[in-house]
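Letter by letter, the chains look like this.
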Amino acid sequence: MMLRRTLLGTGLLGMAAAAYGFGLSPFADPVITRYALTPRGWPAGLRLRIAVLADLHAGAPLMTLDRVARITAATHGLNADMIVLLGDYGPVSRLVREPYAPEEVAALLGGLRAPLGVFAIAGNHDWWEDEAAMERRSGRPAWLEALARHGITPLQNEARRFAQGFWLAGLDSQIAFRPRGADDLPGTLAQVTDAAPLILLAHEPDIFATLPERVALTLCGHTHGGQVRVLGYSPRVPSRFGNRYAYGHVTEGGRELIISGGLGTSRIPVRFGVPPEIVELTLGA
């Protein structure tokens, strides 16, 4: 009798976890995940708030236009000084019955506004799902073109200096052309002409392992936090380094890394222990 009850309880628990992971969490409104840190060399007295969106993977029924609109409104409501988008805007799951044109999604994301600007980089799927971009292997993928038309600034291996005393650089996808990337880290760093701290946007986090000390803070997406995460461990992470760069705040050699768990899902529409999230990052707190 005791064994039967135990098996029944285990089975019900498993069913509840599956219902949550497949039926509820992937469709939930995002949580706000907050980090506060001071990167090495950060200007004294400068407080900067950055809102971070990653891995939208828009397409119905998983990530509808209504959800994108709610995410945009929630992000805008944070009143951040700067907003950054870390790539992978379109769908990859076969369960997506209604993929949206980049223009439809970009029109909603174009509602984002911030005093220091809204910036976007490309993810691997922004290249992989764009046949024309993959054929020419240059220029902007369609998603970045659409975002640019709606007031969002694309950064493709580009760096910008801000009067507040820091740099922002955006790196292109490191696996855009499988396995070769569209990224150019040396060319990007060459644009940084003084010692002010550098914030790097990079879709995939693996590059963090070899970044020079010059890069004070790196913001990444791509992994979705593994989509399933239990007690700080993700069974499957799309990274050569596994759980080392799966999710969250990582510090190595005085350099800081934030990996967002993202908003959408990959080919398997499940989230367990990694809810959709908007990251709010406060620097100089």
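Refer to the structure above for everything that follows.
About the cut-offs
- Numbering of residues begins from 1 in every chain and follows the order in which that chain's sequence is written.
- Restriction of local features to residues with pLDDT of at least 70 applies here, the model being predicted, together with a cutoff of 80 or more for giving and counting side-chain atom pairs; totals for whole chains, interfaces and linings are based on all residues.
- Computation of side-chain values covers all heavy atoms of the structure but excludes hydrogens and water.
- Take the buried Ala, Val, Leu, Ile, Met, Phe, Trp, Tyr and Cys residues and link them wherever side-chain atoms come within 4.5 Å; each set so joined is a nonpolar core.
- We call a residue buried when its accessible area falls under 20% of the maximum for its residue type, exposed when it is over 50%, and partly exposed in between, using a 1.4 Å probe and counting protein chains only.
- Helix numbers and strand numbers start at the N terminus; a helix is a DSSP run of H or I with at least 4 residues, a strand a run of E with at least 2.
- The contact definition used throughout considers only heavy atoms, calling two residues in contact when any of these lie within 4.5 Å.
- The definitions used throughout rest on a 1 Å grid laid over the protein atoms alone, on which a cavity is an enclosed set of points accommodating a 1.4 Å probe that cannot get out and a pocket is an open set flanked by protein within 12 Å on both sides along at least five of seven lines; lining residues are those having an atom within 4 Å of a point.
- Grid points are joined across faces, edges and corners, and a volume is the space filled by probe spheres set on the points.
- DSSP calls a pair of strands paired once it identifies at least 2 bridges connecting them.
- Orient the strands so they point away from the viewer; a crossover is then right-handed if the path from the first strand over the helix to the second runs clockwise.

### Remarks on the nonpolar core
Okay, so step 1: One finds Leu56, Leu85, Val105, Leu109, Trp127 and Leu147 to be the most contacted residues of the largest nonpolar core, which totals 36 residues.
Okay, so step 2: For this core, the secondary-structure elements that each account for two or more residues are strand 2 (48-53), helix 2 (65-76), strand 3 (82-85), helix 3 (102-109), strand 4 (118-120), helix 4 (124-128), helix 5 (131-136) and helix 6 (142-149).
Okay, so step 3: At four residues, helix 6 tops the list of elements feeding residues into this core.
Okay, so step 4: Leave out the neighbours within four places in its chain, and Leu85 touches Leu53, Leu109, Leu112, Val118, Phe119, Ala120, Ile121 and Ile152.

### Points about the layout of surface pockets
To find leftover empty space, one rolls a probe the size of a water molecule over the atoms.
Okay, so step 1: Of the volumes computed, that of the largest pocket is approximately 460 Å³.
Okay, so step 2: Here the second largest pocket is characterised by a volume of approximately 150 Å³.
Okay, so step 3: Along the walls of the second largest pocket sit Gly90, Pro91, Pro99, Tyr100, Pro102, His125, Asp126, Glu129, Asp130, Ala142 and Trp143, which together make up its complete lining.
Okay, so step 4: For the lining of the second largest pocket, the elements supplying multiple residues, two or more each, are helix 4 and helix 6.

### Quick notes on the pairing of strand 3
Okay, so step 1: Judged by which residues are buried, strand 3 turns out to be covered on both faces: Met82 and Val84 on one side and Ile83 and Leu85 on the other are all buried.
Okay, so step 2: Where strand 2 lies against strand 3, four bridges are found, and the strand directions are parallel. Bridge pairing in strand 3 places Ala51 opposite Ile83.
Okay, so step 3: One ladder, built from three bridges, connects strand 3 with strand 4; its direction is parallel. When the bridges of strand 4 are listed, Ile83 appears paired with Val118.
Okay, so step 4: Once the chain exits strand 3 it traverses helix 3 before rejoining the sheet at strand 4, and the crossover so formed is right-handed.

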